[in-house]
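Structural features, examined
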Amino acid sequence: MKHLAINNGRVLQKQAENDTLRQTTQAPASVQLLTISEEEAGQRIDNFLLRICKGVPKSHIYRVLRSGEVRVNKGRIDQLYRLQVGDVVRVPPIRMAEKPENHVPGAEFIILYEDAHLLVIDKPSGVAVHGGSGISYGVIEQLRASRPDAKFLELVHRLDRETSGVLMLAKKRSALVDLHEQMRDGVTDKRYLTLVHGDWKNARQHVKLALHKYNTADGERRVRVQADGMASHTVFSLKKKYAEFALLEAELKTGRTHQIRVHLSASGFAIAGDDKYGDFALNRELLKPAEGRGALKRMFLHAHQITFIHPDSKTPMTLNAALPPDCLKFLQSLS
């Protein structure tokens, strides 16, 4: 009986493998010849293949590259080759399991600026900029769904899910590369408005604390102040004082993950409504109105201004996003 059970187990396992093989090979596949457009030029061939071959494991992409099955202008290339305008890429048949696609509802957001190169929106709080980590989709996926004819649309930078305000997207690869260079060179000026709890003293205060990224036991991404972390610099300017709060403008000199939130928390001033680095008891109190103030049901952090050089015209630009109604209403209740 024991041998029979083992044999039956092997038969069932073989059937499962055959079923998987049938699922993997059911999708029709054929050679594709793709001509590289201006928007696609400049990226590495491996990244290009990963983008167009959705769902194919990275290991398989690199395997077909090494085997020479992928050709550019009929010649062999390696994975570091950067595509040029007009290149003809031969993509071999790549078979993969057909997975049901998650439906992404198309959405548009308040547009602060748009032309052939850029799209700048006012992102609402509570909306992720992209899918991942348990989130099915975000701003970028929704915009792509609502603009199916867009040949290129990529995030220039990111905002935390709870943060609202100015979010830039590139509609051309050349614009994306240019804006990333501006951010690396410190040309871009990003300003945030935030409300902190406590008696803020200085009209202008520099915070320079090195930051280190790590994951919690349950896989959540966090940041802490650590001597050997990444150099980080934020300049805070006092805009208005209230009885128990202060409205600050934060000017980013570096762009680290959660930089404003951790710099303020480490300085003893929690952002109102911050559920990661804030004052959790205070946050619970803020959910309901009390004497002398209204309710606040979000983190009070808003990307209100960005200054940059237009990637095509090379003219300086400054774009602003007004404080959202819920933040404005809370400030008015404190006055």
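Cut-offs applied
Residues numbered from 1 in each chain as written. Predicted model: local features only at pLDDT ≥ 70, side-chain atom pairs only at ≥ 80, totals over all residues. Heavy atoms only, no water. Helix = DSSP H or I, 4+ residues; strand = E, 2+ residues; numbered from the N terminus. Buried < 20%, exposed > 50% of the residue type's maximum accessible area, 1.4 Å probe, protein only. Salt bridge = Lys/Arg side-chain N within 4 Å of Asp/Glu carboxyl O. Arc of directions from axis to C-beta. Contact = heavy atoms within 4.5 Å. Axes fitted to C-alpha atoms, helices over the stretch in contact; angles between N-to-C directions. Parallel < 35°, antiparallel > 145°, perpendicular 65-115°, else oblique. Left-handed = near helix turned anticlockwise from the far one by under 90°. Nonpolar A, V, L, I, M, F, W, Y, C, P; charged D, E, K, R; others polar. Phe/Tyr/Trp six-rings, centres within 6.5 Å; stacked < 30°, edge-to-face > 60°. Lys NZ or Arg CZ within 6 Å of the ring centre and 35° of its normal. Polar contact = N/O pair within 3.5 Å; in protein donor to acceptor, adjacent residues only side chain to side chain.

**So, the overall build of the protein**
For the protein, the helix and strand inventory stands at eight helices and 16 strands. Residues counted as buried form 41% of the 335 residues belonging to the protein.

**Side note on the pattern of salt bridges**
Using the criterion set out here, one finds 22 salt bridges in the structure. For Glu108, the salt bridge is made with Arg147, and the minimal N-O distance between the two is 2.9 Å. Separated by 39 residues along the polypeptide, Glu108 in the loop between β4 (88-91) and β5 (110-114) and Arg147 in the loop between α4 (139-146) and β7 (154-155) bring together distant segments of the chain. Taking the shortest distance from any N to any O, the salt bridge between Glu162 and Arg261 comes out at 3.7 Å. Linking Glu162 in the loop between β7 and β8 (164-170) with Arg261 in helix α6 (residues 259-266), this pair joins segments that are 99 residues apart in sequence. You can call Glu162 buried: its relative accessible area is 18%. Look at Arg261 and you get buried, because its relative accessible area is 2%.

**Quick word on helix α2 (residues 45-52)**
Taken as a whole, α2 has its buried residues at Ile45, Asp46, Phe48 and Leu49. Down the axis of α2, the sector holding all buried residues measures 160°, keeping them to one side. For α2, the secondary structure elements touched by its buried residues are β1 (32-35), α3 (58-67), β2 (71-72) and β4.

**Things to note about helix α8 (residues 325-334)**
Those residues of α8 lying buried are Cys327, Phe330, Leu331 and Leu334. All buried residues of α8 lie within an arc of 100° about the axis, which places them on one face of the element. Exposed side of α8, more than 90 degrees from the buried face: Pro325, Lys329 and Gln332 are the residues found there. The elements touched by buried residues of α8 are β9 (189-197), β14 (245-252) and α7 (280-286).

**Overview of the packing of α2 against α3**
Their axes nearest at 10 Å, the elements α2 and α3 cross at an angle of 130°. Compared by their axis directions, α2 and α3 come out oblique. Between α2 and α3 the crossing geometry is right-handed. Across the interface between the two elements, Ile45, Asp46, Leu49 and Leu50 from α2 touch Lys58, Ile61, Tyr62 and Leu65 from α3. Grouping the amino acids of the contact of α2 with α3 by side-chain chemistry returns six nonpolar, no polar and two charged.

**A look at the packing of aromatic side chains**
Taken as a whole, this structure holds three aromatic pairs when the rule is applied. Here Arg222 stacks its cationic end above the ring of Tyr277, 5.9 Å away from the centre of that ring. When the ring centre of Tyr214 is taken as origin, the NZ or CZ atom of Arg224, which lies over that ring, is 4.3 Å away.

**Focus: the side chain of Asp160**
Topologically, Asp160 is positioned in the loop between β7 and β8. One polar contact links Asp160 to Arg261, side chain to side chain, over a distance of 2.9 Å. With sequence-adjacent residues up to four places away left out, Asp160 is seen in contact with Lys123, His258 and Arg261.

The values reported here are purely geometric and, on their own, carry no functional implication.
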